[in-house]
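# Architecture at a glance
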Amino acid sequence: MSSAPSSRPTALVTGATAGLGAAYARSLAGRGFDLVVVARDVARLETTAATLRSEFGVEVEVLAADLSDRAALERVAERVASTRAPVDVLVNNAGFGLRQRFYDGVPADHERMFDVLCRAVMVLSRAATGAMVPRGRGWVLNVGSVAGLVPGGGHYSAAKAYVIVLTETLAGELRGTGVKATVVEPGYVRTEFHARSGMTSGGSSSLSSRIWLDIDDVVDASLDDLFAGRPVSVPTKRWKAVSTVLDVLPRGLVSRVWNGMPSGARRRHPTSGQ
Ligand SMILES: NC(=O)c1ccc[n+]([C@@H]2O[C@H](COP(=O)([O-])OP(=O)(O)OC[C@H]3O[C@@H](n4cnc5c(N)ncnc54)[C@H](OP(=O)(O)O)[C@@H]3O)[C@@H](O)[C@H]2O)c1
């Protein structure tokens, strides 16, 4: 970590009980951070906190919150903006996919997706940077996705595109303040995400094994990019190449190719599954 704080700093991670969020919490604890862990399942939060305390000797605060609930989100925003117990690193990680089309999907599910993937990221990024800038230091890592570069991965892609543009905009605004913002754009990672969304997580073909990322590679590369002040992090060379191609191809072409894929192929490796 190139410019990490020297005394015991605090990191708040949303969705810290499973998948990428649990790995971010472990990695940050290993780097000497106290933690605030956020998710809905209280029992799982308590278990996560106890494990981190005993393995890493750090302090861990449990903050149970459903980020789609405005009052609960406000409590998390207040914790993020606290001047009494400052949060030095915010990781906006909580998220989920939906195996539904937008036009005939369940409206309440799509609103919940918007609230967790977009609104919570916006509210917490604002609360964090508003408190960090006067202190002249702080780091915000927003978890986007390569899916955010694809016009065709449903509402999930649209939500992740929002996270990407918001974070890049924020990183520009923060230049010279001592505060950094980074968006990480992972490809496929095996977590609980796909099962929770009713998707398969790929077979064991060689293509399949090449596209899946190691969770610790994603976490370590993105934290290194965050502390180095890089606004965009795309872990692994292979996925960097994919993201570069998606960036330069005409959007209409990407959309046509994606939407022309057989639905079975999309279900096996749904873009909305990233
Ligand atoms: N896995 C992939 O292939 C992949 C690829 C690219 C990007 N991502 C992104 O990575 C992030 C983490 O996903 P993951 O793969 O690690 O998923 P995961 O294993 O399913 O973990 C999701 C975490 O988010 C929490 N969460 C879900 N809904 C929440 C809500 N309403 N309020 C508060 N916490 C909530 C869950 O805990 P509770 O259920 O207890 O709330 C859990 O801790 C997401 O933003 C996802 O979009 C994933």
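First, a word on what this report is: a plain description of the structure on this page. Just so it is clear, the structure is predicted and the values come from calculations on it, not from any experiment.

### Regarding the site of the ligand
The local shell around the ligand holds 32 residues, among which Thr-17, Arg-40, Asn-93, Tyr-156 and Thr-191 are the closest. Leu-67 has a polar backbone atom sitting 2.9 Å from a nitrogen atom of the ligand. In the environment of the ligand, an oxygen atom lies 3.3 Å from a nitrogen or oxygen atom belonging to the backbone of Phe-193. Calculation on the ligand without its partners gives an accessible area of 880 Å², and the protein chains cover 98% of this total. Here the ligand is seated within the largest pocket. Of all the elements in the fold, those that place two or more residues in the shell around the ligand are helix H1 (19-30), helix H5 (154-173), strand S7 (188-189) and helix H6 (193-196).

### Things to note about helix H3 (residues 70-80)
Those residues of H3 not exposed but buried are Ala-72, Leu-73, Val-76, Ala-77, Arg-79 and Val-80. Angular distribution of buried residues about the axis of H3 spans 160°; they occupy a single face of the element. Exposed residues on H3 whose side chains face more than 90 degrees from its buried face are Arg-70, Ala-71 and Glu-78. On the buried face of H3, the contacting elements are strand S1 (10-14), strand S2 (34-39), strand S3 (60-64), strand S4 (89-92) and helix H4 (107-135). N-cap assignment for H3: the residue whose side-chain oxygen lies 3.1 Å from the backbone N of Ala-71 is Asp-69.

### Details of the pairing of S3
Judged from the five bridges that link them, S2 and S3 form a sheet pairing that is parallel. Across the sheet, residue Val-37 finds its bridge partner in S3, namely Val-62. Following the backbone out of S2, through helix H2 (residues 42-56) and into the adjacent parallel S3, one traces a crossover that is right-handed.

### Considering a nonpolar patch on the surface
A surface patch of nonpolar side chains, amounting to about 410 Å² of accessible area, comprises Val-245, Val-248, Leu-249, Leu-253 and Val-257. On the secondary structure map, Leu-249 appears in the loop between helix H9 (237-248) and helix H10 (251-260).

### Here we look at the nonpolar core
Counting 46 residues, the largest nonpolar core has Tyr-24, Leu-28, Leu-35, Val-89, Val-91, Leu-223 and Phe-227 as its most contacted members. Considering every element that reaches this core, the biggest residue donor is H1, with six residues. Setting aside its immediate chain neighbours within four residues, Leu-223 contacts Tyr-24, Ser-27, Leu-28, Arg-31 and Leu-141.

### Some words on the environment of Val-60
As for its position among the elements, Val-60 is in strand S3. Residue classification places Val-60 among the buried residues on the basis of a relative accessible area of 9%. Each C-alpha atom of the pair Val-60 and Val-36 lies 5.7 Å from the other, and the pair is 24 residues apart in sequence. If we skip the residues at most four places from it in the chain, Val-60 touches Leu-35, Val-37, Ala-49, Leu-52 and Arg-53.

### Some thoughts on the pattern of salt bridges
Evaluated as defined, the whole model comprises nine salt bridges. Measuring nitrogen to oxygen at the nearest pair gives 3.0 Å for the salt bridge that ties Glu-192 to Arg-196. Of the charged contacts, one joins Asp-225 and Arg-230 as a salt bridge, the two residues approaching to 2.5 Å between their closest N and O atoms. For Asp-225, a relative accessible area of 12% corresponds to the buried category. The structure contains a network of salt bridges with shared partners spanning Arg-44, Glu-192 and Arg-196.

### With respect to the sheet that holds S1
With parallel pairing, the seven strands of this open sheet are ordered in space as S3-S2-S1-S4-S5-S6-S9. What marks the edges here is a single partner per strand, and that holds for S3 and strand S9 (232-233). Pairing geometry for S4 and strand S5 (residues 138-143), over four bridges, is parallel. Paired with Val-89 across the strands is Trp-139, a residue of S5.

### Side note on the packing of H1 against H2
Look at H1 against H2: their axes get within 10 Å of each other, and the N-to-C directions meet at 25°. Here H1 is positioned roughly parallel relative to H2, judged by the angle of their axes. Helix-helix and strand crossings are classified by hand; for H1 and H2 the assignment is right-handed. Packed against H1, whose contacting residues are Ala-25, Arg-26, Ala-29 and Gly-30, the element H2 presents Thr-51, Leu-52, Glu-55 and Phe-56 at the interface. The class makeup of the residues in the contact of H1 with H2 is four nonpolar, two polar and two charged.

Conventions adopted
- Residues numbered from 1 in each chain as written.
- Predicted model: local features only at pLDDT ≥ 70, side-chain atom pairs only at ≥ 80, totals over all residues.
- Heavy atoms only, no water.
- Near = heavy atom within 4 Å.
- Polar contact = N/O pair within 3.5 Å; in protein donor to acceptor, adjacent residues only side chain to side chain.
- Areas by Shrake-Rupley, 256 points an atom, 1.4 Å probe, with all protein chains shown as cover.
- 1 Å grid on protein atoms, 1.4 Å probe; cavity = no way out; pocket = protein on both sides within 12 Å on 5 of 7 lines; lining within 4 Å.
- Sits in = over half its atoms within 2 Å of the grid points.
- Helix = DSSP H or I, 4+ residues; strand = E, 2+ residues; numbered from the N terminus.
- Buried < 20%, exposed > 50% of the residue type's maximum accessible area, 1.4 Å probe, protein only.
- Arc of directions from axis to C-beta.
- Contact = heavy atoms within 4.5 Å.
- Pairing = 2+ DSSP bridges.
- Right-handed = clockwise from strand over helix to strand, strands pointing away.
- Patch = residues over 30% accessible without salt bridge, like charges linked within 9 Å, V, L, I, M, F, W, Y side chains within 5 Å.
- Salt bridge = Lys/Arg side-chain N within 4 Å of Asp/Glu carboxyl O.
- Core = buried A, V, L, I, M, F, W, Y, C linked by side-chain atoms within 4.5 Å.
- Axes fitted to C-alpha atoms, helices over the stretch in contact; angles between N-to-C directions.
- Parallel < 35°, antiparallel > 145°, perpendicular 65-115°, else oblique.
- Left-handed = near helix turned anticlockwise from the far one by under 90°.
- Nonpolar A, V, L, I, M, F, W, Y, C, P; charged D, E, K, R; others polar.

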